[in-house]
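A closer look at the structure
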Amino acid sequence: MRLKDLFALFRGPSRTEGSASAAKQRLQVILAVERPLTRGQPDFLPLLQREILEVIRKYVPIDERKIKVEVEREADMSMLAVSVELPNAALSRVI
Amino acid sequence: MSQVIVVTSGKGGVGKTTSAAAVATGLAMKGKKVCVIDFDVGLRNLDLIMGVERRVVFDFINVINDGIRLHQALIKDKRVEGLYILPTSQTRDKDALSREGVERVIEELRQEFDYVICDSPAGIEKGAYMALYFADEAIVVTNPEVSSVRDSDRILGILNSKSRRAERGEPPMKQHLLLTRYDLDRVAKGEMLKLEDVLEILAIPVLGVIPQDDMVLQCSNLGLPVVLEPKSTAGQAYMDAVRRLLGETVELRFTTPPKKSFVNWLLRRTA
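What counts and how
- Residues numbered from 1 in each chain as written.
- Chains lettered and ligands numbered in written order.
- Predicted model: local features only at pLDDT ≥ 70, side-chain atom pairs only at ≥ 80, totals over all residues.
- Heavy atoms only, no water.
- Helix = DSSP H or I, 4+ residues; strand = E, 2+ residues; numbered from the N terminus.
- Rg over C-alpha atoms; globule rule 2.2 N^0.38 Å.
- Buried < 20%, exposed > 50% of the residue type's maximum accessible area, 1.4 Å probe, protein only.
- Contact = heavy atoms within 4.5 Å.
- Lys, Arg positive; Asp, Glu negative; His and termini not counted.
- Charge placed at Lys NZ, Arg CZ, Asp CG, Glu CD.
- Pairing = 2+ DSSP bridges.
- Axes fitted to C-alpha atoms, helices over the stretch in contact; angles between N-to-C directions.
- Buried area = accessible area lost by both parts, 1.4 Å probe.
- Salt bridge = Lys/Arg side-chain N within 4 Å of Asp/Glu carboxyl O.
- Polar contact = N/O pair within 3.5 Å; in protein donor to acceptor, adjacent residues only side chain to side chain.
- Nonpolar A, V, L, I, M, F, W, Y, C, P; charged D, E, K, R; others polar.
- Phe/Tyr/Trp six-rings, centres within 6.5 Å; stacked < 30°, edge-to-face > 60°.
- pLDDT = per-residue confidence, 0-100.
- Patch = residues over 30% accessible without salt bridge, like charges linked within 9 Å, V, L, I, M, F, W, Y side chains within 5 Å.
- Areas by Shrake-Rupley, 256 points an atom, 1.4 Å probe, with all protein chains shown as cover.

1. Here we look at the overall build of chain B
Along chain B, the regular secondary structure elements total 13 helices and 8 strands. Rg of the C-alpha trace for chain B: 19 Å, near the compact-globule value of 18 Å for 271 residues, within the 12% margin. Projected onto the principal axes, the alpha-carbon positions of chain B cover approximately 65 × 40 × 35 Å. Every one of the 271 residues in chain B was classed for burial, and the buried ones make up 55%. Considering only contacts within chain B whose residues lie at least 6 apart along the sequence, 75% involve residues at least 24 apart. In chain B, which carries 37 positive and 37 negative side-chain charges, the distance between the mean positions of the two groups comes to 3 Å.

Shown next as structure tokens:
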């Protein structure tokens, strides 16, 4: 062990330590988004977003811009996240 | 049965030409008859890496467009039997590569050579498309780094959709990952993507892992394909990859850090 390494022991984990896992995670996310676009498969997200919006609209008046559809890919699972921001008025009426 | 193999990556500077030169030379060292073609029209470099830059008279583009015969342009390597280099033009641009012309040259090479190695330019423009279009197999050169992995993924998509095999609905091109500039120390520290990470993301079989090795630069300084330098760990790893390409089962080397035991440390100190 060199002196430098000994100092590193006391300094604790450096800022760059473990950045490889961040790289992996970022790649998995971006490729999940890009692959449908670059590999000629249908990009269903915009259509999905529109249809979900239509269904919700049947029950509550919502703003088109307040809906977000995201896909995240982890090592062994994919997650489709749909978040809809409801106006206060609509929520109180539903409850 | 002749095999046409493209060495490609999308991203520039990851080691395509070094790898194409090493694999072609390695295959010839194994007794195969090999031709390696430079597809980077206007930015030729394979001739330098192979150390034949002073021997270029005619090139690939002359054969396609100017009625020069293939054998007038092929450069025979003086070190390894059965190894030929087809350099490209330094003055023309990629429009000089017509699909029909490239097809004619590759078909002619297939008659004579066991392996035709196509060294692709970076990017996804015409030169890169021409290099991969007629290939039977692809070696995707990737560095363990985010932009390189992303570009490799993009290239895999193109191989599966834009190659002649894909257009004709033939069996898909065989694809191999060649992970280069692998720095074991940085992988051990968690600073660099490890082989398993890259494999998980790209999901193609690994042909080889080439360790970071200062000898690669020294070999390129000399115009020596790195497999001709037996002391180079990168050269040894390339030879392993060549043997795998030929169907041998060869265990991966240089993928786990040497054990940090006191005895090892002492040995290294006293060596």
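So much for the structure itself; the text now carries on.
2. As for the sheet that holds strand β3 (residues 75-76) of chain B
Residues and elements named next belong to chain B. Across the sheet, which stays open at both edges, the 8 strands sit in the order β3-β4-β2-β5-β1-β6-β7-β8 with mixed pairing between neighbours. Each having just a single partner strand, β3 and β8 (206-211) make up the two edges of the open sheet. Taken together, the 6 bridges between strand β6 (residues 137-142) and strand β7 (residues 174-182) define a ladder with parallel strand orientation. Its bridge partner lying in β7, V141 is registered against L178. Its contacts with the sheet place helix α5 (residues 99-112) against β1 (3-8), β2 (34-38), β4 (83-86) and β5 (115-119), and it is angled at close to 145° to β5.

3. Focus on the interface of chain B and chain A
Of the residues lining the interface, 18 residues belong to chain B; the matching set on chain A comes to 18 residues. For the pair chain B and chain A, the summed buried area comes to about 1,500 Å², and 52% of that belongs to carbon and sulfur atoms. If you look at where chain B meets chain A, you find 4 salt bridges. Of the charged contacts, one joins B:R150 and A:E34 as a salt bridge, the two residues approaching to 2.4 Å between their closest N and O atoms. Where chain B meets chain A, there are 9 residue pairs in polar contact (both at pLDDT 80 or more). Breaking the side of chain B that touches chain A down by element, the ones donating at least two residues are α7 (146-162), α10 (195-202) and α13 (262-270) of chain B. Here the side of chain B that touches chain A takes 7 residues from α7(B), the largest share from any one element. Residues that form the side of chain B that touches chain A fall into these classes: 8 nonpolar, 2 polar and 8 charged.

4. Focus on the packing of aromatic side chains
All names here are of chain B. Following the criterion strictly, the structure yields 3 aromatic pairs over all chains and no others. Centre to centre, the rings of F39 and F60 are 5.1 Å apart; their planes meet at 75°, and the pair counts as edge-to-face. Here F60 lies in helix α3 (residues 60-65) and F39 lies in the loop between β2 and α2 (46-49), a separation of 21 residues in the sequence. Here F39 and F60 have matching classes, each one buried. Each ring, one from Y133 and one from F134, has its centre 4.9 Å from the other, and the planes form 90°; the classification is edge-to-face. The same class applies to Y133 as to F134, namely buried.

5. Here we look at the confidence of the model for chain B
Mean pLDDT for chain B: 94, with 98% of residues reaching 70 or above. Among the prediction metrics, the complex's ipTM stands at 0.83, with pTM recorded as 0.79.

6. Comments concerning a nonpolar patch on the surface
Residue and element names in this part refer to chain A. On the surface, L80, V82, V84 and L86 cluster together into a nonpolar patch covering about 270 Å² of accessible area. On the secondary structure map, V84 appears in strand β2 (residues 78-84). Judged by its relative accessible area of 30%, V84 falls in the partly exposed class.

7. Observations concerning the side chain of B:E229
All names here are of chain B. Assignment of secondary structure puts E229 in the loop between α11 (215-222) and α12 (233-245). Buried and unpaired, E229 has K231 as its nearest opposite-charge partner, separated by 4.1 Å. With near-sequence residues (within four places) excluded, E229 lies in contact with M215, C219 and L224.

8. Quick look at the environment of B:L199
Within the element layout of this structure, B:L199 appears in helix α10. Once you skip the residues sitting within four places of it in the chain, B:L199 turns out to touch B:L177, B:I204 and B:V206.

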